[in-house]
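# Per-entry structural report
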Amino acid sequence: MNGDQGILDAAGPAAERIADLWWAHFWPGLAVFVVVVVLLLVGLYRRHRWPADRAHEARASLWIGVGGIVVPAVILLVVLVFTVRSMAQHSASSRDAEERGLSIRVVGYQWWWDITYQDPQPSRRVRTANEINIPVGRPIMLLLESGDVNHSFWVPRLQGKLDLIPGQTNTLWLEAREPGVYRGQCAEYCGEQHAHMGLVVVAQPPEEFDRWYEGQLGTAAEPTDSAALLGQAVFMRSGCAVCHAVRGTDAMASVAPDLTHLASRQTLGAGTIPNTRGYLGGWIANP
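Every value quoted in this text rests on a predicted model; they were computed, and no experiment measured them.

Scoring rules and cut-offs
- Residues numbered from 1 in each chain as written.
- Predicted model: local features only at pLDDT ≥ 70, side-chain atom pairs only at ≥ 80, totals over all residues.
- Heavy atoms only, no water.
- Helix = DSSP H or I, 4+ residues; strand = E, 2+ residues; numbered from the N terminus.
- Buried < 20%, exposed > 50% of the residue type's maximum accessible area, 1.4 Å probe, protein only.
- Pairing = 2+ DSSP bridges.

## Observations concerning the side chain of Gln204
With respect to the helices and strands, the residue Gln204 is situated in strand E10 (residues 198-204). For Gln204, a relative accessible area of 8% corresponds to the buried category.

Now the structure itself:
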């Protein structure tokens, strides 16, 4: 489940500003590099042909002053203005996300993501894992925390990265301009399975997101056949129920991902493998 994580293939306003800022640094940097290389080659070619007089020294001093001080100062000033403007726009979008209500608490653990949709009514809070569903066109505020070591939340096509630090809550906002599935990753080394600590953000049309959210509020479906009943009995008798929660049963633990609506997720193992019957069986047998 690799997915596209290109920072220049932006799909949200925050990522677009980051991409624009990258290009604003890239093109002047490239131009300066080309000019320096050309002047170096010209200097090497004509190193014995310059006249040794005061007029030449004055022209050389002028070129050095303009090329080494004035031009870099102008370039840096333009880049600074562009950067400050992008930062101001980012701050305004962050305030908008706070004002528009929907916030999601994301807690990083070794090596998975615990995700809780906040709501003043506890009965309307949704808890899931490793997958964040958001409505298209609406900024969403993320409350980022860590349950053990430092992690870093990064969905390159939607937003820049931000660290999750134990004992501290950092805030970040997400917005997607179009429906899609966007791959994210822990961007700070956090242990031997760090490379496998992924997640997905699923951006949906608002009405589709509302249906998903209402469905997540329900408890797990009751077993309807002998195989499902046996599976539930095995789950409750084994060590699974000591760590995982399945709402509607006696399994109410919170130290591992909530499995109530596991079948509705696209991936398993923090974005490592697709959520199909075969992969699920293999994951249970040997995670």
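## Some remarks on the environment of Phe82
The topology assignment puts Phe82 in helix H2 (residues 54-99). Separated by 58 residues in the primary sequence, Phe82 and Ala24 have C-alpha atoms spaced 7.8 Å apart.

## A few points about the pairing of strand E9 (residues 180-186)
For E9, the tally of buried residues reaches five of seven residues, placing the bulk of the element in the interior. Sheet topology note: the strand E6 (residues 151-154)/E9 ladder contains two bridges and is antiparallel. In the sheet register, Trp154 faces E9, and the bridge partner there is Gln185. Judged from the six bridges that link them, E9 and E10 form a sheet pairing that is antiparallel. When the sheet's bridge partners are listed, Val181 is paired in E10 with Val202.

## Considering the pairing of E6
In this sheet, strand E7 (residues 162-164) lies alongside E6 in antiparallel orientation, the contact comprising three bridges. The partner of Ser152 across the bridge, within E7, is Asp163.

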